[in-house]
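# Working through the structure, step by step
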Amino acid sequence: MDRRIWNHPLLSFERGKEVTFNFEGRPLNGYESEDVASCLIANDQNVLGWSKNLDRSRGYFCGIGKCSSCLMTIDGIPNVRSCTTPVKEGMIVERQHGNPKVTQEMEHIPQSPNGEIKELTYDVIIVGGGISGISAALGISAFTPLKVALVDDSPHLGGQLLKQTHKFFGSSEEYAGSRGTEIAKILSCEIAKTDVDVHLDCQVLGYYDSGGYLLVLEDEKLAILRGRRYIVATGAYENMLLFESNDLPGIFGAGGLQTIMNLKGVLPGRKALIVGSGNVGLILAYQMLQAGVEKVTIVEAMGKVGGYGVHSQKIERFGVPILLNHTIKRAIGKDRVEGAEIVALDKGAEVPGSERVLDADMICLAVGLTPDVRLLQQMGCECRFIKELGGWIVNHDREGRTSMKNVLISGDASSIEEATTAMLEGKISGLRVAMDLSPDANLLGEIERLETRLGEFRSGPFSEKIRAGMGDLFGRGETDENGDDRREEAFERSYEGGGRTIVLACSQSIPCDPCVDACPKGAITKDSLTSPPEVDMEKCSGCGLCVSECPGLAIFLVRDLRDGRSLITLPYEMYPFPEAGEKVILLDRNGKKIGFGEIKSSLKEKFLIRVFAPNSLAHRVRNIMGVQDG
Ligand code: SF4
Ligand code: SF4
Ligand code: FES
């Protein structure tokens, strides 16, 4: 069975040349863009090895080289992370039982010609080429001629952005309304215009205190990178959850699944259980639907959805159930996931007799992230535990300065937040370092402006936990003054006038405003970045621009045609994209079929459709599906 994705509404996968490799004596086909693990899963080989002591099967979990679940013997070299090793023509791939034999160890210790190690010196070295690290580098190079290195162990800049296909919230300054994949390209182009020295596929092996330098492995050679200042933006890794058989192949971290699905174009299963309804879990469910997953269920241990209402409504329109007060009890299957037993919870305790088995071939854990502070710990930075910020974090002040005066921290490595805050933090930490090394009054003004902006992003009710954690870290009372503890329930508001209705399915305080910028008539306003939008129908011309620009897919436009029908403008991001004249099934906000309509027009570049519906249904229509799929 070929598990590759060949049709996707947003992504086209550049797979490159076809290659043949040897998997335990059998020839298998792959593409040069694929890593070994993804390629094996594309060929329906889910067991990548067995655990050393109990010989339990092991599969793909994180997809970014952080968990060791995918260790294999490749071309005779044991314990190679198959999820980050590109597949090559003629490669020999074997799974491991017990302790693998080390046969060629001396040949593979990285060597440098003549025993010399290349040494490069910089003003600032930034470790981590994700959104925060890139933003730090851009911030420094925009204001100073300082010599900057940007180091990342992957082959591309962008980090997690590379697999984020949804549109981002925030404002235009933070690329709101653009997809993560697009933002990664924009930022990489910006970096290319600077003098920043980018080191990709460059693994930091450690920090050496004597003289203060990083030892790195680049192009299979050791090198020394010496900096006056270091900004560590190493991101985070995914949390595990305790339940029976939580190590079965087919259990993925949410980010791991995004990597294999959105970056590699491989869909490991068709029926998914997602554990956790934070933004990551909700976004993942939507991305799975786009990739072709047939059935998605979410369980959430809390009594309420953790993420934004706009994200949960997007998947509810496709009928995805979000089971509150439920969790996973065990994974079922011998060598891979074949089902999942879930159980209801009452005040966190399992309700006896409420267990039931879901048909599932993959289970995704979207249960939070832990800051990746391993390098910072090795550097000697002090750590402390603050649950609200993600667990073990590096002690730092509000400027991101750690206990080592030459080391700053930024992004998810400092505390787990949204991508937009990581971007702002990155810019600020870059400018602070620039200020240290090349003082300039302009920098101070910009830092102050960005800090105010960061405060706005953290002012809504969804940042309550972060504010509490920062209160612990920096001293309570100092960060809480912006706190708005209201968390409104998600509900829709309608604005009527001139035979038109605008429905806003966005009523929570989320930091976002592309709808305001999109409206050429100034009909949409917000009191602040985090307040819900309002519409003045006296100004609205019914152009529909706000519908296509809203990253939350939360705006609908209904026009009464005065002939018993209405024309509904709605966002649609699925494959196949409907054509004008096509008959479709109309769905309500819970994905329930409520009748039939006909597509008037469809604008694929904008992911926008206009559909005729009977007036009696018009105000309930939130989604469509093809008649053949119904
Ligand atoms: S439909 Fe056009 S004019 Fe009306 S609120 Fe939306 S963007 Fe503004
Ligand atoms: S309606 Fe406006 S504030 Fe709400 S998600 Fe859409 S663009 Fe953002
Ligand atoms: S290290 Fe390869 S799946 Fe985690």
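Located above this text is the structure these notes cover.
These lines cover the structure that appears in this document, whether it is placed above or below. (Residues numbered from 1 in each chain as written. Chains lettered and ligands numbered in written order. Predicted model: local features only at pLDDT ≥ 70, side-chain atom pairs only at ≥ 80, totals over all residues. Heavy atoms only, no water.)

Here the focus is the sheet that holds strand β7 (residues 92-94). Spatially, five strands are ordered β2-β1-β7-β5-β6 in an open sheet, and the strand pairing comes out mixed. Each end of this open sheet is capped by a strand with a single partner; those strands are β2 (26-31) and β6 (77-81). For this sheet, the mean angle separating the axes of adjacent strands, direction not counted, is 40 degrees. As paired elements, strand β5 (residues 71-74) and β6 share three bridges and run antiparallel to each other. Paired with Met-72 across the strands is Val-80, a residue of β6. (Pairing = 2+ DSSP bridges. Helix = DSSP H or I, 4+ residues; strand = E, 2+ residues; numbered from the N terminus. Axes fitted to C-alpha atoms, helices over the stretch in contact; angles between N-to-C directions.)

The full count for this structure, using the stated rule, is 36 salt bridges. Close ionic contact of Glu-24 with Arg-95 constitutes a salt bridge, the shortest N to O distance being 3.0 Å. Here the residue Glu-24 occupies a position in the loop between β1 (18-23) and β2, and Arg-95 occupies one in the loop between β7 and β8 (118-127), the gap between them amounting to 71 residues. Here Glu-24 falls in the partly exposed class, since its relative accessible area comes to 36%. For Glu-446, the salt bridge goes to Arg-449, with nearest N and O atoms at 3.0 Å. In this pair, Glu-446 and Arg-449 are both assigned in helix α9 (residues 441-457), three residues apart and thus about one turn of the helix distant. According to the relative accessible area criterion, Arg-449 is partly exposed, its value standing at 37%. Three or more residues joined by partner-sharing salt bridges are found here, namely Glu-173, Glu-174, Glu-446, Arg-449, Arg-453 and Glu-456. (Salt bridge = Lys/Arg side-chain N within 4 Å of Asp/Glu carboxyl O. Buried < 20%, exposed > 50% of the residue type's maximum accessible area, 1.4 Å probe, protein only.)

For helix α2 (residues 131-143), which comprises 13 residues, the first-to-last C-alpha distance of 19 Å matches the rise-based estimate of 18 Å (1.5 Å per residue) to within 8%. Counting buried positions along α2 yields ten of 13 residues, so the element is predominantly enclosed. Turning to α2, the residues buried within the fold contact β8, β9 (148-151), α3 (180-192), β13 (221-232) and α8 (419-437). (Expected span 1.5 Å × (residues − 1). Contact = heavy atoms within 4.5 Å.)

Another point: the environment of His-199. As for its placement among the helices and strands, His-199 is situated in strand β10 (residues 197-199). When sequence neighbours within four positions are dropped, the list of residues in contact with His-199 reads Leu-120, Tyr-122, Ala-149, Leu-150, Val-151, Asp-152, Glu-218 and Leu-225. At 3.0 Å, the side chain of His-199 and the side chain of Glu-218 are in polar contact. (Polar contact = N/O pair within 3.5 Å; in protein donor to acceptor, adjacent residues only side chain to side chain.)

Let's shift gears to α8. Every α-helix carries 3.6 residues per turn, so stepping three or four residues along brings you back to the same face. With 19 residues, α8 ought to run about 27 Å at 1.5 Å a step, and its terminal C-alpha atoms sit 27 Å apart, in line with that. Burial runs high along α8: 17 of the 19 residues are buried.

What follows is about the side chain of Ser-410. You can see Ser-410 is positioned in the loop between β27 (407-409) and α8. Owing to a relative accessible area of 1%, Ser-410 belongs among the buried residues under this scheme. A polar contact of 3.4 Å, which involves the side chain of Ser-410, links it to the backbone nitrogen of Gly-426. Those residues in contact with Ser-410 that lie beyond four places of it in its chain are Ser-132, Ile-231, Val-232, Ala-233, Ala-422, Glu-425, Gly-426 and Ser-429.

Here we take up the layout of surface pockets. Reported here for the second largest pocket is a volume of approximately 740 Å³. Along the walls of the second largest pocket sit 34 residues, with Leu-289, Gly-292, Val-293, Met-574 and Tyr-575 positioned nearest its centre. For the lining of the second largest pocket, the elements supplying multiple residues, two or more each, are α5 (279-291), β17 (295-300), β34 (583-587) and β37 (623-626). Partitioned by chemical class, the residues of the lining of the second largest pocket number 20 nonpolar, seven polar and seven charged. Each of domain 1 (18-99 + 240-365) and domain 3 (493-629) gives at least three residues to the lining of the second largest pocket. (1 Å grid on protein atoms, 1.4 Å probe; cavity = no way out; pocket = protein on both sides within 12 Å on 5 of 7 lines; lining within 4 Å. Points joined across faces, edges and corners; volume = space filled by probe spheres on them. Nonpolar A, V, L, I, M, F, W, Y, C, P; charged D, E, K, R; others polar. Domains from an automatic or database assignment.)

In this section: empty space enclosed by the protein. Across all of its chains, the model carries three cavities of 30 Å³ or more by this definition. Computed from the structure, the largest cavity encloses a volume of approximately 110 Å³. As for the largest cavity, its lining consists of 13 residues, and the residues nearest its centre are Cys-506, Cys-512, Cys-515, Pro-533 and Cys-550.

Keep in mind these numbers describe shape, not what the thing actually does.
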